[in-house]
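Given next are the chains, with one letter for each unit.
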Amino acid sequence: IAQRLNTIIESDRVLVMDAGCVKEFDEPKALLENKDGIFRSLVDQTGPQASQKLIEIANKAHEERVARGYHFPAKQEKADSSKPLKVTDIAAGNI
C-alpha cells in the first residue's frame, strides 16, 4: 500500500472508492485531516514513520499548489457528504 500511496499523495485530488461507490474525494491534505476517513486509515496502516512522511509530503504539495495560485473549493462549495457522490459529477467538475 505504501508504494501506491506514495505515487498519489502529491495529486491535487484523490478519489476513494469502496465496492464500486465513491466514498471520499478531495485533496490528500484534506482527506488526511479526517482521522476516521478511509484514505487516512490506509495511510495509517503504513506505520508511524511512513504515515508521517506521507502526511508531510501531502502538506508540502498543498503548500506548493497554493503558492502557484491553485484554487481549492471552500468547504461550503463541496458536496454534502451525506449524499453519495457520482463519478459523472466529479468528472464534470461539479464537486
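Up top is the structure.
Just so it is clear, the model here is predicted, and its values are computed rather than measured.

Re the pattern of salt bridges
Note on pairing: side chains with opposite charge can pair once their charged atoms come close. One pass over the structure, following the stated rule, counts four salt bridges. Linking Glu-33 and Lys-29 is a salt bridge whose minimum nitrogen-to-oxygen distance equals 2.8 Å. One end of the pair, Glu-33, and the other, Lys-29, are both in helix α2 (residues 28-33), four residues apart, so they sit about a helical turn from each other. Here Lys-29 falls in the partly exposed class, since its relative accessible area comes to 23%. With a closest N to O distance of 3.0 Å, Arg-40 and Asp-44 form a salt bridge. Within this pair, Arg-40 and its partner Asp-44 are both found in helix α3 (residues 38-44), separated by four residues, close to a single helical turn. What makes Arg-40 buried here is its relative accessible area of 13%.

A look at the nonpolar core
Burial of nonpolar side chains together is a common tendency in soluble globular proteins. If you look at the biggest cluster of nonpolar residues, it comprises twelve residues: Leu-5, Ile-9, Val-14, Val-16, Leu-31, Leu-32, Phe-39, Val-43, Leu-54, Ile-55, Ile-57 and Ala-58. Counting residues per element, the ones that place at least two in this core are β1 (14-18), α2, α3 and α4 (48-67). If one sorts the elements of this core by residue count, α4 sits on top with four residues. In this view, Val-16 contacts Cys-21, Val-22, Lys-23, Glu-24, Leu-31, Ile-38 and Phe-39; residues no more than four positions away in its chain are not counted.

Details of unusual backbone geometry
Of note, the phi angle at Ala-19 is positive, near 55°, even though the residue is not glycine. Along the chain, Ala-19 turns up in the loop between β1 and β2 (21-26). Overall, Ala-19 belongs to the exposed group, its relative accessible area being 74%.

What counts, and where the lines are drawn
- Residues numbered from 1 in each chain as written.
- Predicted model: local features only at pLDDT ≥ 70, side-chain atom pairs only at ≥ 80, totals over all residues.
- Heavy atoms only, no water.
- Salt bridge = Lys/Arg side-chain N within 4 Å of Asp/Glu carboxyl O.
- Helix = DSSP H or I, 4+ residues; strand = E, 2+ residues; numbered from the N terminus.
- Buried < 20%, exposed > 50% of the residue type's maximum accessible area, 1.4 Å probe, protein only.
- Core = buried A, V, L, I, M, F, W, Y, C linked by side-chain atoms within 4.5 Å.
- Contact = heavy atoms within 4.5 Å.

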